[in-house]
Amino acid sequence: MTVTQTEQTAPAAIAEEADAGRLEWIDPLEDFRPDEPEESRVIVDPFNHRKKREDGEEDTTEPDPGLIASVEAVGVQQAPVLRPQTGENEGKLGIVMGQRRLKAARAAAQRAVAHGRKYRKVRVIIRDDLKGVDDEALTGSMVENVHRAAASVQDDLDAAQQLSLMVSAKRVPKARKAQYAAAIGRTTEELDAAPRVAKIAPEVIEELWEEGAEFDWVEQADYAEVEDVPNALWKLEQAKRKDTDEGNTKRGAWRQVMQALKAEKEKAERIAATTAELAKKMIPVIVWSHAWQYSAARPLTELESSIGRPLTEAGHNETCSGHAATFDPADGEVVWVCRDFKKQGHRIIGAATDEEGDGEKAQEVDAEREAARAEARIVKTNNAAWRSVREVRQEFIVDMCQDKGEAPADVKDLVLTTILAGRYTYTHYVNADCGDRLATYLKDANLKHTPADVVAKLVKRTGVKRYWWLLFAHIAGMYEVEHMTDEAWRGKKDEFGRRKPIERQTVEWLTFLRAHGYSLSEVEEETLATAQSQAEEKAKQDAQRKAERERWDREREEARLKREAEEEPPAEQADETRAEDAEEPQPDEGPEADAADDGQEDGEPAAEDAAEHGEPDNE
């Protein structure tokens, strides 16, 4: 190969060295005092691009909480650039780049001092070559702020996901993991959620930004799961606002709404799958009617044939062209219907025949059936909600049982009262297999059947402070199994099938959990409200019965007094009678009576008695 003259004489590219400056450590408390520039060794350079603006405008010089948290965790990683000052500030250092980082370092140092901890000094770069060179200093400051492209949301998520995977793989201690999370301005919970968030479609993130939803990573990941559910974003925003207003740091309302949205999503998916199966069988699906009495269609459970026989799904499908299906919105279950029961010759069960006349009686039947439908819808909806919320409540109980500190007084009171009172429900729970709940709440699968040796090991490895939490897990299981059953929201039935009021223990348990930060779901709130209404109604009835008893007692007493008054003679007549009785001698009074009494008493005649006294006899 021939080399040309031009190629032989072309100068080689040379890398020019730039002024790197010198490193120095400064104290963010002693050397940097933004509020006292006269006393501060480090000040903001007059040609720094970032300026504190007029009142009312955003101050871009102040660090955000995320930056401060990052500095607290790992210190200032990118050294700020300072230059010596001239003129009246001779001897001071001016911040050309990194004003927010130094302010964050100062805020972190102040917090450390307030909590009795050590704080970090900040490594800075001193550019002596920029002393007095204002144009270059301003240019450098502008380059840092104007040409610095912010990392995209997806860039941050990808980086956080990698960090999360590394933390999990290396089994980093919780303290170090929390430090890593703080370094990027996140919580450990958010760090754990990073892999989920990284899978979110970009349009979902864009939607949240456009709607102004201030969701953290955990909340973004949750929303991505239920974004297709109608009004999901609005409901979650309301839940977050409720948690914020109530100071609930455990996302109580958020968890309740998420559980309800997941249930809605599962129901929608189940309906979609069933609809596809019905389409394969050529069975049409109609829209659910909330007022069947005004519809030509009716559920088969309300119909009978023209000769009075009940209609079944299989038989109706084979013999009737009006066979169709619909879905109950309360639980998403299939309901078989006839699209035009009158045309198909069916009739409503219990309705009058044409010969009998179906005017008023048909209306009564329709009214009764609609009332029964409304009651059934409420029961189905609340049953589904009650079962759904159970999972959220269990998670809250598990969190309580993992508490490492001393149990509060009301936890101890609940434990002792339940054990010592010896209620039937407690003894029933203890005699049954109670290990399942204990294993769930204490996160120990070996406790499932409560073998003595496993329990003994558990007690031995548990600190004394946590003894009460072991007992609480036991009592919590009793409440959940015995008093939070599927029918607890409306009261159980007695042995005669009558609906009893909501149990006092159900109210007691929900009230206790709420006092410890549990956010009640809508159905749980309604349960307490219903129990309160029932208690007020009972108190009213008790007061009425008491008043009625008092009235009856008062009337009986008045009747007794009246009867006694009628049986006694008037006062004047009683006085005259007593006076007459005093004037007339009684038959058993006087000498004759005495004599007669004596004679009769001795069994001797009166004449002999006279002779004995020397008196002549009558002869």
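Small disclaimer: the values here were computed from a predicted structure and weren't measured. (Residues numbered from 1 in each chain as written. Predicted model: local features only at pLDDT ≥ 70, side-chain atom pairs only at ≥ 80, totals over all residues. Heavy atoms only, no water.)

Our next topic: the nonpolar core. Counting 42 residues, the largest nonpolar core has L442, F472, W509, F512 and L513 as the members making the most contacts within it. Ranked by residue count, the leading element in this core is helix 13 (residues 360–401), at 9 residues. In contact with L442, not counting residues within four places along its chain, are C401, Q402, L447, L458, R466, L470 and A473. Membership of the second largest hydrophobic core comes to 21 residues, among which are V197, F215, W217 and V226. (Core = buried A, V, L, I, M, F, W, Y, C linked by side-chain atoms within 4.5 Å. Buried < 20%, exposed > 50% of the residue type's maximum accessible area, 1.4 Å probe, protein only. Helix = DSSP H or I, 4+ residues; strand = E, 2+ residues; numbered from the N terminus. Contact = heavy atoms within 4.5 Å.)

Here the structure, examined in full by the defined rule, presents 1 cavity of 30 Å³ or more. Size it by volume and the largest cavity reaches roughly 60 Å³. Taken together, N248, K250, G252, R255, V392, F396, G517, Y518 and S519 make up the lining of the largest cavity. Of all elements in the fold, only helix 11 (252–280) and helix 13 reach the threshold of two or more residues within the lining of the largest cavity. Looking at side-chain class alone, the lining of the largest cavity contains 3 nonpolar, 4 polar and 2 charged residues. (1 Å grid on protein atoms, 1.4 Å probe; cavity = no way out; pocket = protein on both sides within 12 Å on 5 of 7 lines; lining within 4 Å. Points joined across faces, edges and corners; volume = space filled by probe spheres on them. Nonpolar A, V, L, I, M, F, W, Y, C, P; charged D, E, K, R; others polar.)

Remark on secondary structure: sheet strands pair via backbone hydrogen bonds, oriented parallel or antiparallel. The strand order 1-5-3-4-2 describes an open sheet built from 5 strands, whose pairing is mixed. The sheet is open, and its two borders are formed by strand 1 (22–26) and strand 2 (42–44), each paired with just one other strand. Looking at each pair of strands side by side, their axes are set apart by 45 degrees on average, direction ignored. In this structure, strand 3 (residues 81–84) lies alongside strand 4 (residues 93–97), joined through 4 bridges in antiparallel fashion. Within strand 4, the residue paired with R83 across the bridge is G94. (Pairing = 2+ DSSP bridges. Axes fitted to C-alpha atoms, helices over the stretch in contact; angles between N-to-C directions.)

Turning our attention to the pairing of strand 4. In summary, the side chains of a regular strand alternate between the two faces of the sheet. The element strand 4 is extensively covered by neighbouring structure, given that 5 of its 5 residues are classed as buried. Pairing of strand 2 with strand 4, which is carried by 3 bridges, proceeds in the parallel orientation. Directly across from V42, in strand 4, lies its bridge partner L93.

Bringing the sheet that holds strand 9 (residues 334–338) into the picture now. The strand order across the open sheet built from 3 strands is 6-9-8, with neighbouring strands paired in antiparallel fashion. One side of each edge strand has no neighbouring strand; the edge strands of this open sheet are strand 6 (298–299) and strand 8 (323–327). When strand 6 meets strand 9, the two strands line up antiparallel, connected through 2 bridges. Counterpart to R298 in the pairing with strand 9 is C338. In the packing of helix 11 onto the sheet, the strands contacted are strand 8 and strand 9, and the crossing angle to strand 8 comes to about 170 degrees.

With respect to the helices and strands, L470 occurs in helix 18 (residues 467–483). For L470 and Q402, which are 68 residues apart along the polypeptide, the C-alpha to C-alpha distance reads 9.3 Å. Apart from the residues lying within four places of it in its own chain, the contact partners of L470 are L438, L442, L458 and T462.

Below, the discussion takes up the pattern of salt bridges. Oppositely charged side chains may form a pair once their charged atoms are brought near each other. Scanning the entire structure with this criterion turns up 48 salt bridges. A salt bridge links D486 to R390, with the shortest nitrogen-to-oxygen separation between them at 3.0 Å. Linking D486 in the loop between helix 18 and helix 19 (504–515) with R390 in helix 13, this pair joins segments that are 96 residues apart in sequence. (Salt bridge = Lys/Arg side-chain N within 4 Å of Asp/Glu carboxyl O.)

In this section: the side chain of D27. Mapped onto the elements of the fold, D27 is located in the loop between strand 1 and strand 2. Despite its burial, D27 remains without a salt bridge, the nearest opposite charge being carried by K121 at 5.4 Å. Reaching out from D27, the side chain makes a polar contact with the side chain of Y119 at a distance of 3.0 Å. (Lys, Arg positive; Asp, Glu negative; His and termini not counted. Polar contact = N/O pair within 3.5 Å; in protein donor to acceptor, adjacent residues only side chain to side chain.)

The next point concerns helix 2 (residues 65–74). What helix 2 keeps buried is the set L67, I68, S70, V71 and A73. By the N-cap criterion, in which a side-chain oxygen at the helix start approaches the backbone nitrogen of a residue two or three places on, helix 2 is capped by D64, the distance to L67 being 2.8 Å. At the exit of helix 2 stands G75, carrying a positive phi of roughly 80 degrees.

The next thing to look at is unusual backbone geometry. Note: most peptide bonds trans; most residues except glycine with negative phi. In this structure, N231 takes a positive phi of about 65 degrees despite not being glycine. One can find N231 in the loop between helix 9 (217–226) and helix 10 (232–246). Here N231 falls in the exposed class, since its relative accessible area comes to 54%. Backbone geometry places M282, a non-glycine residue, at a positive phi of 65 degrees. A relative accessible area of 72% places M282 in the exposed class.

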